[in-house]
Amino acid sequence: MRLRSVQLAMRFIVPLAVVLALFGYFAIPWMESFTVRWFVRDLDTRSQFVSSTLQQPLLTYLEEKSPRRINEMFNRAIQDERLYALGFCDTDGKLLYKTNTYPLSLGCWQNQDSEGKTNPVVRLPQGPVHVSSKELVQDGVGVGRLVLVHDMSFIERRSEDTKKYITGLFAALACIISLITVLVAQLSWRGWVNGVRDMLRGELLPQSTHATPPEMAPLASDLRALLYEYNRDQPGAAGNNQAWDADTLKSLLRRELAGDEILVVSNREPYIHVATPEGVQVQRPASGLVTAVEAVMRACSGTWIAHGAGSADRATVDRNDHVPVPPENPSYTLRRVWLSKEEEQGYYYGFANEGLWPLCHIAHVRPVFRSSDWEEYVKVNQRFADAVIREARSDNPVVLIQDYHFALLPRMVRAVLPKATIITFWHIPWPNPESFGICPWREEILDGMLGSTILGFHTPFHRKNFLDTVDRYLETRIETEASTVSYGNQLTQVEHYPISIAWPEPVPGEPDAAASHAQVRHALGLPADHLLGIGVDRLDYTKGIVERFQAVERMLELHPHMVGRFTFVQIAAPTRSSLDEYQNFEARVRGLAQRINQRFSRDSYVPIILKAEHHGQDQLRPYFRAAQVCSVTSLHDGMNLVAKEFIAARDDEQGVLVLSQFTGAARELHEALIVNPYHIEQGAEALYRALTMPADEQGERMRSMRRRVRDFNVYRWAGRMLMDAARLRQRERVMSRIGSLSQEKFKRPAP
Ligand code: GDG
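Residues numbered from 1 in each chain as written. Predicted model: local features only at pLDDT ≥ 70, side-chain atom pairs only at ≥ 80, totals over all residues. Heavy atoms only, no water.

## Comments concerning the sheet that holds strand E4 (residues 127-138)
Under the convention used in this document: Note on pairing: two strands pair once DSSP finds at least 2 bridges between them. Runs of E in the DSSP output that reach at least two residues are strands. Runs of H or I that reach at least four are helices, and both are numbered from the N terminus. Here, axes are lines fitted to C-alpha atoms. For helices the fit covers the stretch in contact, and angles between N-to-C directions go from 0 to 180 degrees. By the convention used here, residues are in contact when the closest approach between their heavy atoms is within 4.5 Å.
Within the open sheet, the 5 strands sit side by side as E2-E1-E5-E4-E3. Their pairing is antiparallel. What marks the edges here is a single partner per strand, and that holds for strand E2 (95-98) and strand E3 (121-124). Strand after strand, the sheet turns through a mean of 30 degrees between neighbouring axes, direction not considered. Against the sheet, helix H2 (residues 67-77) engages strand E1 (83-89), E2 and strand E5 (141-151), with an angle of about 55 degrees to E2.

## Quick look at the environment of Asp 373
Operational definition: Two N or O atoms count as a polar contact when they lie within 3.5 Å, although within protein this holds only if one can serve as hydrogen donor and the other as acceptor, and sequence-adjacent residues are included solely when both atoms are side-chain atoms.
Along the chain, the position of Asp 373 falls in helix H9 (residues 371-391). When the C-alpha atoms of Asp 373 and Tyr 348 are compared, they prove to be 8.6 Å apart, with 25 residues separating the residues in sequence. If we ignore the near neighbours within four places in the chain, the residues touching Asp 373 are Gln 345, Gly 346, Tyr 347, Gly 350 and Phe 351. Among the polar contacts made by the side chain of Asp 373, one reaches the side chain of Arg 370 at a distance of 2.5 Å.

## Focus: the nonpolar core
For clarity, the cut-off: What we call a nonpolar core is a set of buried Ala, Val, Leu, Ile, Met, Phe, Trp, Tyr and Cys residues that are connected through their side-chain atoms within 4.5 Å. Think of it in three bands: residues with accessible area under 20% of the maximum for their type are buried, residues over 50% are exposed, and the middle band is partly exposed, with areas taken using a 1.4 Å probe on protein chains only. Note: domain ranges come from an automatic or database domain assignment.
Counting 94 residues, the largest nonpolar core has Phe 466 and Phe 566 as the members making the most contacts within it. A total of 9 residues in this core trace back to one element, the largest contributor, which is helix H8 (residues 341-360). Taken domain by domain, the makeup of this core includes at least three residues from each of domain 3 (264-336 + 379-496) and domain 4 (513-712). Discounting residues that sit within four places of it in the chain, Phe 566 has contacts with His 530, Leu 531, Leu 532, Gly 533, Val 552, Met 555, Tyr 605, Pro 607, Val 629, Leu 687 and Leu 691.

## A word on the state of the cysteines
To keep it simple, the criterion reads: By definition, disulfides here are pairs of cysteine sulfur atoms that lie within 2.5 Å.
Applying the stated criterion across every chain yields a total of 1 disulfide. Note that Cys 89 is cross-linked by a disulfide to Cys 108, the S-S spacing being 1.8 Å. Its S-S torsion of approximately -120 degrees makes the covalent link between Cys 89 and Cys 108 left-handed. Taken together, the positions of Cys 89 in strand E1 and Cys 108 in the loop between E2 and E3 put the pair 19 residues apart, joining distant regions of the chain. In this structure Cys 439 is not part of a disulfide, and its nearest cysteine sulfur, from Cys 360, lies 8.8 Å away. According to the relative accessible area criterion, Cys 439 is buried, its value standing at 2%.

## Side note on the site of the ligand
Convention followed: The cutoff for a nearby residue is simple: one of its non-hydrogen atoms must lie within 4 Å of the molecule or strand. Here, Shrake-Rupley sampling with a 1.4 Å probe gives the accessible areas, and only protein chains in the shown set may cover a residue. Residue polarity follows a fixed list, in which Ala, Val, Leu, Ile, Met, Phe, Trp, Tyr, Cys and Pro are nonpolar, Asp, Glu, Lys and Arg are charged, and the others, Gly among them, are polar.
Residues in contact with the ligand amount to 25 residues; listed here are only the nearest, His 427, Arg 538, His 615, Asp 637 and Glu 645. Within the side chain of His 427, one N or O atom sits 2.5 Å away from an oxygen atom of the ligand. Taking Gln 617, its side chain carries an N or O atom lying 3.2 Å from an oxygen atom of the ligand. Burial of the ligand by the protein chains amounts to 97% of its free accessible area of 720 Å². Classifying every residue of the shell around the ligand by side-chain character gives 10 nonpolar, 11 polar and 4 charged. Formed jointly, the shell around the ligand draws a minimum of three residues from each of two domains, domain 3 (264-336 + 379-496) and domain 4 (513-712).

## Looking at the sheet that holds strand E9 (residues 303-307)
Across the sheet, which stays open at both edges, the 10 strands sit in the order E10-E11-E9-E6-E12-E13-E14-E17-E16-E15 with mixed pairing between neighbours. The open sheet has two free edges, formed respectively by strand E10 (322-325) and strand E15 (477-479), since each of these has just one partner strand. Averaged over all pairs of adjacent strands, the angle between their axes in this sheet comes to 20 degrees, without regard to strand direction. Two elements, strand E16 (residues 484-487) and strand E17 (residues 490-496), share 4 bridges in a ladder whose sense is antiparallel. Within E17, the residue paired with Ser 486 across the bridge is Leu 491.

## Thoughts on the pairing of E9
Summarising burial for E9: 5 of the 5 residues are buried, a large majority. Across the two faces of E9 the burial is the same, with Thr 303, Ile 305 and His 307 and Trp 304 and Ala 306 all buried. Pairing of strand E6 (residues 262-265) with E9 involves 3 bridges; the strand directions are parallel. Across the sheet, Leu 263 pairs through a bridge with Thr 303, a residue of E9. Note that E9 and strand E11 (residues 332-337) share 5 bridges and pair parallel. In the strand pairing of E11, Ala 306 is matched with Arg 336.

## Section: the pattern of salt bridges
Heads up, the condition is: Salt bridge, as used here, is a side-chain nitrogen of Lys or Arg placed within 4 Å of a carboxyl oxygen of Asp or Glu.
Scanning the model with the defined rule gives 44 salt bridges in all. Residue Glu 479 pairs with Arg 477 through a salt bridge whose shortest N-O separation is 3.6 Å. The partner of Asp 711 in a salt bridge is Arg 710, and the shortest N-O contact between them spans 3.5 Å. Ionic contacts of the salt-bridge type, sharing partners, join the residues Glu 553, Arg 554, Glu 557, Arg 595, Arg 599 and Glu 681 into one network.

## Brief notes about the side chain of His 530
You can see His 530 is positioned in the loop between helix H14 (513-524) and strand E18 (531-538). Each residue touching His 530, except ones within four places of it in the same chain, is listed here: Arg 521, Gly 564, Arg 565, Phe 566, Thr 567, Tyr 605 and Gln 628.

## A word on the packing of helix H5 (residues 246-256) against helix H6 (residues 288-300)
Quick reminder of the rule: Here is the rule for angles: anything less than 35 degrees is roughly parallel, anything more than 145 is roughly antiparallel, 65 through 115 is roughly perpendicular, and the remaining ranges are oblique. Rotating anticlockwise by less than a right angle from the far helix to the near helix defines a left-handed crossing, while the corresponding clockwise rotation defines a right-handed one.
Where H5 contacts H6, the axes come no closer than 8 Å and their chain directions differ by 60 degrees. Compared by their axis directions, H5 and H6 come out oblique. The handedness of the crossing between H5 and H6 comes out as right-handed. On the side of H5, the interface is formed by Ala 246, Leu 249, Lys 250 and Leu 253, while H6 contributes Val 296, Arg 298, Ala 299 and Cys 300.

These figures capture arrangement, not role.
Have a look at this one:
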């Protein structure tokens, strides 16, 4: 503690001392020359005075031709401590009389040299002297020149003294100012800390009488938000003091939601059956949502309702449109909903992906809103609501609604199953109220979402944006502290639940990181020591793939020795390809990769390998394990699971993550190299830094991120949501029991 205070104090004292030393360094010589000039002027005046005093007697003695009296007068005059010597020269410049002390090197001194300049100070072996001369005139005729030499060593002595005093003064001033500064800083720091403490106490103890001081007001709301998050994320808070895995989640479901059925609704299905010439094949879609929710469904069974989009989907369901999944080891039911081409076009491609997706992602692509798309969106939401109602075996199931495709679904389900616990999770960002406000059906969307019991976002920032949006466009009561919205007769809890991945189990027979390193390079035809970067995304304009390639190009420009040594592999699963925006984007990505490759390729070397095709999860892992750097440069992203998958794959604790500041993941993975993807040079430098980062630094960063991703995994994400749901269900049960008791009491006849 004391060391910390000393360190803090040194932060003030050292700069102050430097400033004062610099000041002294320049000020002391200046003051010295100023004093010398001052004394020289003084001696000039003094010389004039002495020569005027000596002039008359000297002229008399010269007339009398009395050298003795002249010498006597001269010797008397130099009794004065400062007057060092006197001399007299005739008009021919011959030195006729002088005191013994007169320095012969001065000769017959003239006040002005040939250039008319006067420098009265002469440095002699015995020290500096001030020399001046005065022309003597008798009856208008010049008779000679009196030369006066003043000792200046006293000036040097005084100047030395002055220097000492000034230095001392500066040192004393430095000490005093430093002390005052440290004291003031300490006092303000203490005041500030006490203010913050008071404020925190005020926050923690609602009964506290502490009021937020006005100077703390700007901080108060930030602190409040921080505290709220901190309390939620702390061990001891609901669900935080336990390590989460599939078994914990299962036992939570058994304990807290015993017998309650779980229904999941999402647009994308977790398993797609595709007809191929070799027969029906099962595919896993490239989707963060599916990756996360699938892990939960495996743990808790239940029914997953999704759009059946595969060419062999209809052929693989039973008469209830059910298919048990996962195919290799079924643990839950997939219920498929069929959509016509028009419905899919309007609801999915149109309203959801041309409207809501760009609306919620600030990626500078304009949303398109068409009434016909909206109508399909309403219709399809109703179709899924009907499916939920049909699948529900009780009047109060737990319904987990996924994402922006189903903003209206919560209200529609609530209308038929008022006792259902509806958890809606919004997987993409929520924009600020102004941005959201351009949606022509903004009120309908907000109303639909507020049919939920719990509404989840990835980050507190998106949660806050949502609350602000509701506040702007609907008549509601918002409790910011409790994060609830009261609308109509219903309360919606709005929370942030950062999504994650299931921590991977060791895969038997999987090659270790070193072997993956060699295998991937061999497969790509690259030398064993070749540096590798990896990017894995859907081919979506929000993922910053163009900016990532530009950063690779800039890195090669700035560090030409990396040309031929580094290759970036981009795996880009095609997505929403029937939309113009996505086709244009794909063309742009391909064109850019081609241009960069043409620019830097030599022999067989290409800097960018673009694999614009779907890859299975098992194909992705070796790339994650082989790369020196994984680049996630989304322009805006709810969370981004690729970042977490890369970290989970690195059991060798090596590799560097370059991560966009605009992802939800950047709030958790602080040890990544955080970049602004729009800043190409910054991206390039981060890439270079990653490629040249020492192994121990990589290890330190990776270990810390691995701990976090392992602990804050997808089971925790689901567990916390379901625990909140269980808590609310419990409260609901208690309230309805109290309600029926009081009703009975009301009905009871008076005694
Ligand atoms: C949304 C939000 C949020 C990618 N290419 C392939 C492939 N993938 C897998 C990845 C990862 C998933 O897809 C992508 O997840 P992201 O989170 O990165 O992104 P979105 O799909 O946009 O997901 C996002 C997420 O929902 C969850 O809430 O994090 O912010 O936008 O798992 O590995 N998978 C396969 N082949 C590929 O080619 N099999």
